[in-house]
Amino acid sequence: MPLSINTNHAAVRASANLAMNNELLMKSMQRLASGKRIIDTSDDAGGLAIAMKLNSSIEKLKGVSSNIKNSISFLDVQDGIIQGAAGILERMSELKSLSQDVLKNSSDIDTYNTEFKNLQVQLYQISKEKFNGISLFATTTTATGSTQAVFGANNSSTDNTITIYTTEGGSSGPKVSVHKAVLLSAITFDENRVSINKYYGASGTKTLAATSNANAKVLNDFTTSFFTQAIENVASLRAQNGGSMSRLDFAMSNLDRTRANLEASYGQIMDVDIAEESTRLAKYQILVQASASMLAQANMMPNTAMMLLG
């Protein structure tokens, strides 16, 4: 290499190496500071595209998880109310038995009837309970329909369903139907045959729910079989509730596993290997120091030309 003053080839190359090594050092520091392997798109364009899609799926699953938890809460509240309805029916059945005691006078019977009427009103009122503005119990087959829901119709003890999607696929993926229990129909029977359920308010029926004390019936209007059948029907509603809750629990477990696997896949692409990157950082630090030192040495070379001119 010729010795010249205008162009210092050694200094130019040393400067280029210093700039390159310094850039690598800065990127290594950024990776360690952020914990991410991909800092710029150019680092791994294909991997970044896959990671973005994986992250989108993970975020969707977070929303699905929240929806499933809300649905489980819906069923928890519904089951609690149905359980309360069962307790009311058991008390009604007890009042019926007490009223049949020949040692009870008319005043005692009136007292039992007063409580019995209040319980009928309470049954009706709890059937109107809502969860976040959504009715827990149904009286029609669809939320906005006019067809009255009947307990046991089409071999189903519930109507008016709410569809819960359990994967990121939404409506195109698996789903669980959460039912609004037809509580009023479950305690409403054909006037002549207790084994036949009809919708609440239908003609020719007897029901254990009433909108007010004035509309409530007395104990003598019912036979013991009414209470027995009503309790059995309400038990079926709880069983249906439990089946839906079990499905949601399994869906939630599967969702958690899927989400964990997706997060692991995302991490393999995006997360930096701290041990490996720390080794690179040490290497780049040495190279930067060496490049800077060699640049300083290269800048001294024109002095040799000056010695020759002197």
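Shown above is the structure to which this text applies.
Caption draft 1: Structural context of the environment of Asn213. Relative to the elements of secondary structure, Asn213 occurs in the loop between β6 (205-207) and α5 (224-270). Along the primary structure Asn213 and Asn55 are separated by 158 residues, whereas in three dimensions their C-alpha atoms are 58 Å apart. Setting aside residues no more than four positions away along its own chain, Asn213 makes contact with Lys117, Asn118 and Val121. At 2.9 Å, the side chain of Asn213 and the side chain of Asn118 are in polar contact.

Caption draft 2: A look at the environment of Gly201. On the secondary structure map, Gly201 appears in the loop between β5 (188-190) and β6. Taking the C-alpha atoms as reference points, Gly201 and Arg257, separated by 56 residues in sequence, lie 47 Å from one another.

Caption draft 3: Spatial organisation of helix α6 (residues 274-299). The terminal C-alpha atoms of α6 lie 37 Å apart, and with 26 residues this matches the ideal 38 Å at 1.5 Å per residue to within 8%. Among the residues making up α6, those that are buried are Glu277, Leu281, Tyr284, Val288, Ser291, Leu295 and Ala298. One side-chain oxygen of the residue at the start of α6 lies 3.2 Å from the amide nitrogen of Ala275, identifying that residue as Asp273.

Caption draft 4: Summary view of the nonpolar core. Core analysis: the largest hydrophobic core is formed by 59 residues, its most contacted members being Ile68, Met92, Leu123 and Leu208. For this core, the secondary structure elements donating two or more residues are α2 (45-99), α3 (106-126), β4 (175-181), α4 (183-186) and α5. A total of 18 residues in this core trace back to one element, the largest contributor, which is α2. Apart from residues no more than four positions distant in its own chain, Ile68 is found in contact with Ile164, Tyr165, Thr166, Leu248, Ala251, Met252 and Leu255.

Caption draft 5: Broad picture of the packing of α2 against α3. Relative to each other, α2 and α3 sit at 160 degrees, their axes nearing to 10 Å. When the interaxial angle is binned, α2 and α3 end up roughly antiparallel. The way α2 lies across α3 gives a crossing that is left-handed. Seen from α2, the contacting residues are Ile81, Ala85, Ile88, Leu89, Arg91, Met92, Leu95, Leu98 and Ser99; seen from α3, they are Ile109, Tyr112, Glu115, Phe116, Leu119, Gln120, Gln122, Leu123 and Ile126.

Caption draft 6: Fine view of unusual backbone geometry. The backbone of Asn132 shows a phi angle near 55 degrees, a positive value even though the residue is not glycine. In this fold, Asn132 is placed in the loop between β1 (130-131) and β2 (134-135). Asn132 sits in the exposed class, given a relative accessible area of 74%.

Caption draft 7: Region of interest: the packing of α2 against α5. The N-to-C vectors of α2 and α5 enclose an angle of 165 degrees; their axes lie 8 Å apart at closest approach. The orientation of α2 with respect to α5, classified from their angle, is roughly antiparallel. For the crossing formed where α2 meets α5, the hand is left-handed. Taken together, the residues of the contact of α2 with α5 sort by class into 28 nonpolar, 13 polar and 10 charged.

Caption draft 8: Expanded view of the pattern of salt bridges. By the definition in use, this model includes 14 salt bridges. In this structure, Glu59 engages Lys62 in a salt bridge whose closest nitrogen and oxygen atoms are separated by 3.2 Å. On the criterion of helical spacing, the pair formed by Glu59 and Lys62 is a turn pair, its members being three residues apart in helix α2. Between Lys198 and Asp190 there is a salt bridge, and its shortest N-O distance comes to 3.4 Å. The partly exposed category is assigned to Lys198, whose relative accessible area is 28%. Take Asp190: its relative accessible area is 14%, and that puts it in the buried class. Beyond isolated ion pairs, a larger network of salt bridges with shared partners links Lys27, Arg31, Asp40, Asp43, Glu276, Glu277 and Arg280.

Parameters at a glance
- Residues numbered from 1 in each chain as written.
- Predicted model: local features only at pLDDT ≥ 70, side-chain atom pairs only at ≥ 80, totals over all residues.
- Heavy atoms only, no water.
- Helix = DSSP H or I, 4+ residues; strand = E, 2+ residues; numbered from the N terminus.
- Contact = heavy atoms within 4.5 Å.
- Polar contact = N/O pair within 3.5 Å; in protein donor to acceptor, adjacent residues only side chain to side chain.
- Expected span 1.5 Å × (residues − 1).
- Buried < 20%, exposed > 50% of the residue type's maximum accessible area, 1.4 Å probe, protein only.
- Core = buried A, V, L, I, M, F, W, Y, C linked by side-chain atoms within 4.5 Å.
- Axes fitted to C-alpha atoms, helices over the stretch in contact; angles between N-to-C directions.
- Parallel < 35°, antiparallel > 145°, perpendicular 65-115°, else oblique.
- Left-handed = near helix turned anticlockwise from the far one by under 90°.
- Nonpolar A, V, L, I, M, F, W, Y, C, P; charged D, E, K, R; others polar.
- Salt bridge = Lys/Arg side-chain N within 4 Å of Asp/Glu carboxyl O.

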